[in-house]
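Listed below are the residues making up each chain.
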Amino acid sequence: MKAILVVAFIVSYISVTVNASTMVGGFTEQDASKKEYHEQAWKAVKGINDQASNNGPYYYVPIKVTKAHTQVVAGLNTKLEVLVGESSCKKGDMQPHELTSSNCNVKDGGSRAIYQVTIWEKPWENFEQFTVEKVRDVSADEQI
């Protein structure tokens, strides 16, 4: 009987230790190179360009998603870290929702920054909410 309790304790301890990195209800790391995350970064362009931190004459557009995490809640929270760059598209010539990877390219030598974008989705309610926060500027010679 004592041996069974010891084995049960060891199995429980190992289970808790192994699963500690994926806490129930917490964010889970995802593959940031997946196309779906880059598409979501493009959907967040309006929020990124509405930020007071982008007060230049050109829109910012996504260059690369550097981190992606998801969390199952009442729907799905997706947290992305996105490298954005100044584009060739001038504000006033088009609206942020019109920006796409085919009509708006990153400008050579333009400013760059990293933004954290959180998307809360409830597809069954046709609900999507974006929260955008600038993390920091990125120098032209910095490799990300």
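Structural data are supplied above this passage.
In this text, all values refer to a predicted model and were calculated from it rather than measured experimentally. (Residues numbered from 1 in each chain as written. Predicted model: local features only at pLDDT ≥ 70, side-chain atom pairs only at ≥ 80, totals over all residues. Heavy atoms only, no water.)

### What about the sheet that holds strand S3 (residues 75–90)?
Then step 1. Spatially, the 5 strands line up as an open sheet ordered S1-S2-S3-S4-S5, and their pairing is antiparallel. The strands lining the two open edges of the sheet, one partner per strand, are strand S1 (28–30) and strand S5 (127–138). Mean inter-strand twist for the sheet, computed between neighbouring axes without regard to direction, equals 25°.
Then step 2. With 10 bridges connecting them, S3 and strand S4 (residues 112–122) associate as antiparallel partners. Each bridged residue has a counterpart across the sheet, and for Val-84 the counterpart in S4 is Ala-113.
Then step 3. Across the sheet, helix H2 (residues 35–43) touches S1, strand S2 (58–73), S3, S4 and S5, and the angle it forms with S2 is around 120°. (Pairing = 2+ DSSP bridges. Helix = DSSP H or I, 4+ residues; strand = E, 2+ residues; numbered from the N terminus. Axes fitted to C-alpha atoms, helices over the stretch in contact; angles between N-to-C directions. Contact = heavy atoms within 4.5 Å.)

### What about the packing of aromatic side chains?
Then step 1. Tallied over the entire structure, the rule returns 2 aromatic pairs.
Then step 2. With centroids separated by 4.9 Å and ring planes inclined at 75°, the aromatic side chains of Trp-120 and Phe-127 adopt a geometry described as edge-to-face.
Then step 3. Under the relative-accessibility criterion, Trp-120 is labelled partly exposed at 27%.
Then step 4. Looking at Lys-79, its charged tip hangs above the ring of Phe-27, at a distance of 4.3 Å from the centre.
Then step 5. Sitting over the face of the ring of Phe-127, Lys-122 holds its NZ or CZ atom 4.8 Å from the ring centroid. (Phe/Tyr/Trp six-rings, centres within 6.5 Å; stacked < 30°, edge-to-face > 60°. Buried < 20%, exposed > 50% of the residue type's maximum accessible area, 1.4 Å probe, protein only. Lys NZ or Arg CZ within 6 Å of the ring centre and 35° of its normal.)

### Observations concerning the side chain of Asn-49
Then step 1. Mapping Asn-49 onto the fold places it in helix H3 (residues 45–50).
Then step 2. Look at Asn-49 and you get buried, because its relative accessible area is 7%.
Then step 3. Other than its neighbours up to four places away in sequence, Asn-49 contacts Asn-54, Tyr-59, Tyr-60, Lys-91 and Leu-99.

### Digging into the state of the cysteines
Then step 1. Enumeration according to the criterion identifies 1 disulfide in this entry.
Then step 2. In this model, Cys-89 is linked to Cys-104 through a disulfide, with the two sulfur atoms separated by 2.1 Å. Of this pair, Cys-89 sits in strand S3 while Cys-104 sits in the loop between S3 and S4, placing them 15 residues apart in sequence.
Then step 3. For Cys-89, a relative accessible area of 7% corresponds to the buried category. (Disulfide = S-S within 2.5 Å.)

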